[in-house]
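# Overview (structure and organization)
Chain by chain, the residues run as shown.
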Amino acid sequence: MAKFLFYFVLLPALLPVFLIINYVYKQDKAEREPAGMVLKTLFYGALFSVADIPIERLLQRIILSYYPSMDIEYQLVENFVGVACVEELTKWLVLYIFIWKSRDFDYKFDGIVYGVSASLGFAGLENIIYVLNYGTAVSFSRALFAIPGHAAFGIFMGFFLARAKHFELKQNKFMSTVCMILCLAFPICIHGTYDFLLSPAAEAQNFSPYFFVLVVIMDFMAYRIVKHESRTDRPL
């Protein structure tokens, strides 16, 4: 039974998570983060995500009381408010509670390392649930799209988190607040658009092909941010 769980649930669900985290971690060349802090952020990203399920179900019922489920208005509100806001806020809380004041958060690239860790902690647990419910076949498509997608959301969040920290240390409260808002708002917008373009309403409106355009742009942006921030890393 243990071998079955490992080879058919944990390995296909978590392998892409650890491959991406390992890649980003190795790009942290100026002052590599303690592995314990990275694993702690990964763990809390998964733990905090447990609260998302009842919250998302509650919001779904509330939104359904205003819009029929197949209407485009329902799909927009449900994907942006009922899913993206809830999930990205969860990841942001992990970073704000455990990372924001940490003495280990002292370089620009650290925001990306911890942002990806919190995001993929969430994605890893979600992936296990998907594999348990739908089998290992679903792990391939999720390894290509969902896991890199969550990693990209974490990279965007970490990018702005580091800048918010930089401006706070410079005692520029206005710019720190702006960057902290973007730290949450930018991933929500990208995540909401990502989910909406996979919805039945988007398919009915022939929006679905734009999903692949978004994925290419989003993943390319995330990759370039990682490479640029790694190359130009400096103390906050």
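Residues numbered from 1 in each chain as written. Predicted model: local features only at pLDDT ≥ 70, side-chain atom pairs only at ≥ 80, totals over all residues. Heavy atoms only, no water.

### So, the overall build of the chain
Note the cut-off: Segments assigned H or I by DSSP are reported as helices when at least four residues long, segments assigned E as strands when at least two residues long, and all are numbered from the N terminus. For a compact globule the rule gives 2.2 Å times the number of residues to the power 0.38, and the radius of gyration it is set against comes from C-alpha atoms. Any two residues whose heavy atoms approach within 4.5 Å are treated as being in contact. Only the protein chains shown count as covering a residue, and every accessible area follows the Shrake-Rupley method with a 1.4 Å probe. Only four residue types enter the charge count, namely Lys and Arg as positive and Asp and Glu as negative; His and the chain termini do not. To locate a charge, take atom NZ for lysine, CZ for arginine, CG for aspartate or CD for glutamate.
From N to C terminus, the chain includes ten helices and zero strands. When the helices and strands of the chain are listed from N to C terminus, the series reads α-α-α-α-α-α-α-α-α-α. For the chain, whose C-alpha radius of gyration is 18 Å, the value lies close to the compact-globule estimate of 18 Å for 236 residues. The dimensions of the chain, computed from C-alpha atoms along their principal axes, are 50 × 50 × 30 Å. Within the chain, contacts between residues at least 6 apart in sequence are counted, and of these 79% link residues at least 24 apart. With an accessible surface of roughly 12100 Å², the chain has 68% of that area assigned to carbon and sulfur atoms. Across the chain, the centroid of the 20 positively charged side chains sits 9 Å from that of the 20 negatively charged ones.

### Some words on the nonpolar core
Rule in force here: Grouping buried Ala, Val, Leu, Ile, Met, Phe, Trp, Tyr and Cys residues that are joined through side-chain atoms within 4.5 Å yields what is termed a nonpolar core. Partly exposed describes any residue whose relative accessible area lies between the buried limit of under 20% and the exposed limit of over 50%, with all areas from a 1.4 Å probe on protein chains only and scaled to the type maximum.
If you look at the biggest cluster of nonpolar residues, it comprises 50 residues, and the most contacted ones within it are Ile112, Leu120 and Tyr194. At the level of elements, helix H1 (2-26), helix H2 (35-49), helix H4 (72-98), helix H5 (110-134), helix H7 (146-169), helix H8 (173-196) and helix H10 (209-231) are the ones that each hand at least two residues to this core. If sequence neighbours within four positions are ignored, Tyr194 has contacts with Phe145, Ala146, Phe153, Phe211, Leu214, Val215 and Met218.

### Concerning unusual backbone geometry
Backbone geometry places Gln171, a non-glycine residue, at a positive phi of 60°. Along the polypeptide, Gln171 turns up in the loop between H7 and H8. If you check the backbone angles, Asn206 has positive phi at about 60° while not being a glycine. Within the element layout of this structure, Asn206 appears in the loop between helix H9 (200-204) and H10.

### Looking at H10
Defined as follows: Here a helix's expected span is defined as the number of its residues, less one, multiplied by 1.5 Å.
For H10, with 23 residues, the first-to-last C-alpha span of 34 Å sits near the 33 Å given by 1.5 Å per residue. Every buried residue of H10 is listed here: Phe211, Leu214, Val215, Met218, Ala222, Ile225, Val226, Glu229 and Ser230.

### Thoughts on the packing of H7 against H8
To be explicit about the condition: Axis definition: a line fit to C-alpha positions, over the contact stretch in the case of helices; interaxial angles, taken between N-to-C directions, run 0 to 180 degrees. To sort the angles, those under 35 degrees are grouped as roughly parallel, those over 145 as roughly antiparallel, those from 65 to 115 as roughly perpendicular, and the leftovers as oblique. Amino acids are sorted into nonpolar (Ala, Val, Leu, Ile, Met, Phe, Trp, Tyr, Cys and Pro), charged (Asp, Glu, Lys and Arg) and polar (every other residue, Gly among them).
Running from N to C, H7 and H8 cross one another at 170°; their axes reach a closest spacing of 7 Å. Considering their axes alone, H7 and H8 lie roughly antiparallel with respect to each other. Split by residue class, the contact of H7 with H8 holds 18 nonpolar, three polar and three charged.

### Considerations on the environment of Gln171
A residue is classified by how much of its surface remains accessible, and Gln171, at 69% relative accessible area, is exposed. A C-alpha to C-alpha distance of 23 Å links Gln171 and Phe186, two positions 15 residues apart in sequence.

### So, the packing of H4 against H8
This is how the line gets drawn: By convention the crossing between two helices is left-handed if the near helix lies anticlockwise of the far one by an angle smaller than a right angle, and right-handed if it lies clockwise.
The geometry of H4 relative to H8 is characterised by a closest axis approach of 8 Å and an angle of 140° between their N-to-C directions. Looking at the two axes, H4 sits oblique to H8. The way H4 lies across H8 gives a crossing that is right-handed. A class-by-class count of the residues in the contact of H4 with H8 yields 16 nonpolar, five polar and three charged.

### Brief notes about the confidence of the model for the chain
The condition that has to hold: Residue-level confidence of the predictor is summarised by pLDDT, bounded by 0 at the bottom and 100 at the top.
Looking at the chain as a whole, the pLDDT averages 91, with 94% of positions reaching at least 70. Within the chain, no element has a lower average pLDDT than H1, which sits at 74, and none a higher one than H8, at 97.

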